[in-house]
Amino acid sequence: MSLVETVKQAGVIGCGGAGFPTHVKIDTKADVVIANGAECEPLLNSDQRVMEHYADELVEGLCMIMRQVGAARGIIGLKKAYHGSIEAVSKRIDGIDGVEIGVLGNFYPSGDEQILLTELTGRIVPEGGIPPMVNAVVSNVLTMVQVARATKGQNVTHREVTLVGEVKKPKVVVTAIGTPVRDLLNLAMPAIPIEDIVVIDGGPMMGKIVPLDATVNKTTSGLIFLSKDHPLIQWWTIPMSAMVRRSAAACCQCRDCTEACSRYMQGHDIQPHLMMRSLAYQTDEPTKGMTAAFLCSQCGLCEFACPMNLSPRRAYAELAAKFRAGGMKNPHHNAPTKVHEFNQYRKIGKDRLIRRYQLTDYDTHSLTLTPIPDPPLVRLSLTQAFGAPSEPVVNPGDSVECGQLIAKAPEGKLGAGLHASIGGRVTAVDSDYITIEGAR
Ligand code: SF4
Ligand code: SF4
């Protein structure tokens, strides 16, 4: 069986971002493959532990993808501060032709695949484009480990998740996909009353607030538990309507958002201050500044830079959703050949983000990787992968084994399959989830 088919059958999707199906990503040609271990979001440790503990499988998966796409060069991109990862990976790549380590500074968002690619190869992805357009494939380090495991018959059932924030025992756990967030919070021991806790799935820059009854997905790299009074939570929960009113009243057109914008620094024609101006004037026709919403990566650096506490990022998210719902396609396709002249001077250190968002108390650099017992119940989302939902192939009452296919990739559409992450009995199947109770 081809690697593409093997990876598809194992249900591998991108572990570090939007969950793009890996079998589609590697079904291409490229001359370089990059393993993304930059892990630039503050507080997250999962990818570092993956590189330290699974360096063999990481390099194995990278070499398999290199052969699949025809690449002679493979780069493992990580930060110079990740000493344990560098040591583990260096030992493993010693003597392997074409595979090297690419060391990055401690800035955000170095883990953005387009920025990582530019930093390590000098290539710039065109506006609205993807890495194969510049002959490259970029994939998260855990995804590459899962590719190696797929060739040994292991389907995706578990993943590494950082647990951090208002907990007494922060750690990185290896947990079953579908584990309830509440179970993991209890495991990490809440440091404040549970009713005061708000959960962020992902990092503090690009994650999203989820309820306590949410469950771990294949893309859940971390769960950050903060008090509902924490400034970051207060900020995230300002309604968009209030944010728009604030923008109209308070944006002073200082351009700080544009000068900090990670995509503007890539040479892309996105200038959030222009969009904020249009927002203030409440223009009906979408201006060029507004349609640049299609180029926004949602990195959040514009928010960080804004002296008036405004959020061009959220405005762009709303605009992009509105344009897509109206059937508009990205009209921006410039292909810059060089980055902004001040790019190297405008890098924002992760430490600055941690201080600015008052996360210093939770910044633990070397969390231990801890396997944990499987939970008594898992709820597996059918919409974990980018694309169409997975299609259930089990019914309530069915017995399943860990690793068994429970939902297949959608026929003829972008998507991925899903496997039971514990053995037991299927107790519910609906349009969103499959629930399994463990065998007692
Ligand atoms: S940084 Fe803030 S105040 Fe300045 S232009 Fe951008 S949104 Fe307006
Ligand atoms: S979130 Fe802000 S800084 Fe990031 S790409 Fe979008 S506009 Fe630029």
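This structure is a prediction, so every number in the text was calculated from the model and none was measured. (Residues numbered from 1 in each chain as written. Chains lettered and ligands numbered in written order. Predicted model: local features only at pLDDT ≥ 70, side-chain atom pairs only at ≥ 80, totals over all residues.)

*Asks:* How should the sheet that holds strand β10 (residues 222-227) be read in this particular structure?
*Replies:* Where strands meet in a sheet, backbone hydrogen bonds hold them as pairs that are either parallel or antiparallel. Pairing is mixed across the open sheet formed by six strands, whose spatial order is β9-β8-β10-β6-β7-β12. Among the strands making up the open sheet, the edge pair consists of β9 (208-210) and β12 (369-371). With strand direction ignored, the average angle separating the axes of adjacent strands in the sheet is 35°. Relative to β10, strand β6 (residues 158-165) is paired through four bridges, and the arrangement is parallel. Bridged to L163 within β10 is L223. Its contacts with the sheet put helix α3 (residues 46-53) on β6, β7 (171-176), β10 and β12, and the angle it makes with β6 is roughly 135°. (Pairing = 2+ DSSP bridges. Helix = DSSP H or I, 4+ residues; strand = E, 2+ residues; numbered from the N terminus. Axes fitted to C-alpha atoms, helices over the stretch in contact; angles between N-to-C directions. Contact = placed C-beta atoms within 7 Å.)

*Asks:* Any chance you could explain the domain arrangement of the protein chain here in plain terms?
*Replies:* You can read the domains of the protein chain as domain 1 (3-150), domain 2 (240-356) and domain 3 (376-440). Placing the centre of domain 1 and that of domain 3 at their C-alpha centroids yields a distance of 27 Å. Each side of the interface is counted separately: domain 1 has nine residues, and domain 3 has eleven residues. Of the residues in the side of domain 1 that touches domain 3, the class split is five nonpolar, three polar and one charged. (Domains from an automatic or database assignment. Nonpolar A, V, L, I, M, F, W, Y, C, P; charged D, E, K, R; others polar.)

*Asks:* Is there a simple way to think about the sheet that holds strand β19 (residues 433-438) in this case?
*Replies:* What the four strands build is an open sheet, ordered β13-β19-β18-β15; its pairing is antiparallel. Both edges of this open sheet fall to β13 (377-381) and β15 (399-400), since each of them pairs with a single strand only. Note that β15 and strand β18 (residues 424-429) share two bridges and pair antiparallel. Across the sheet, V400 pairs through a bridge with G424, a residue of β18.

*Asks:* Can you help me understand the nonpolar core in this one?
*Replies:* Considering soluble globular proteins, one finds that nonpolar side chains tend to be buried as a cluster. With 124 residues, the main nonpolar core has V33, I34, L58, L62, I65 and M144 as its most contacted residues. The greatest single-element share of this core, amounting to nine residues, is contributed by helix α4 (residues 55-69). Excluding anything up to four places from it in sequence, L62 contacts V33, A35, G74, I76, V99 and M144. (Core = buried A, V, L, I, M, F, W, Y, C linked by C-beta atoms within 7 Å. Buried ≥ 20, exposed ≤ 12 C-beta atoms within 10 Å, placed from the backbone.)

*Asks:* Even after reading the chapter, I still don't get the pairing of strand β3 (residues 99-104), so can you show me in this structure?
*Replies:* On a regular strand, each side chain points to the face opposite its neighbour's, so the side chains alternate between the two faces of the sheet. Inspection of the sheet shows strand β2 (residues 73-79) paired to β3 by six bridges, in the parallel sense. When the bridges of β3 are listed, I76 appears paired with I101. Considered for its hand, the β-α-β crossover made up of β2, helix α5 (residues 83-93) and β3 is right-handed. (Right-handed = clockwise from strand over helix to strand, strands pointing away.)

*Asks:* Help me out: how do you make sense of unusual backbone geometry in this one?
*Replies:* The bulk of non-glycine residues show a negative phi, and the bulk of peptide bonds are trans. Cis geometry is adopted by the peptide bond preceding P109, which originates at Y108 and carries an omega value of 5°. Position of P109 relative to the elements: it lies in the loop between β4 (107-108) and α6 (113-121). Notably, Q253 is not glycine yet its phi reads approximately 55°, a positive angle. Along the polypeptide, Q253 turns up in the loop between α10 (240-250) and α11 (256-260). By C-beta crowding, Q253 is classed as exposed, having 12 other C-beta atoms within 10 Å. Even without glycine at this site, N309 takes up a positive phi of about 55°. Mapping N309 onto the fold places it in the loop between α15 (301-305) and α16 (312-325). For N309, a count of 11 C-beta atoms within 10 Å corresponds to the exposed category.

*Asks:* Which parts of the structure should I look at to understand the environment of T364?
*Replies:* With respect to the helices and strands, T364 occurs in the loop between α17 (350-356) and β12. Its 13 C-beta neighbours within 10 Å are what place T364 among the partly exposed residues. Distance in space between the C-alpha atoms of T364 and V161 is 14 Å, their sequence separation being 203 residues. With residues up to four places along the chain from it excluded, the contact list for T364 reads V164 and P170.

*Asks:* How should I be thinking about the site of ligand 1 in this particular structure?
*Replies:* Neighbouring residues of ligand 1: 15 residues in total, closest C251, C254, C257, H273 and C306. Those elements that provide at least two residues to the shell around ligand 1 are α11 and α13 (272-281). Here the shell around ligand 1 takes three residues from α13, the largest share from any one element. For the shell around ligand 1, the per-class residue count stands at eleven nonpolar, two polar and two charged. (Near = placed C-beta within 6 Å.)

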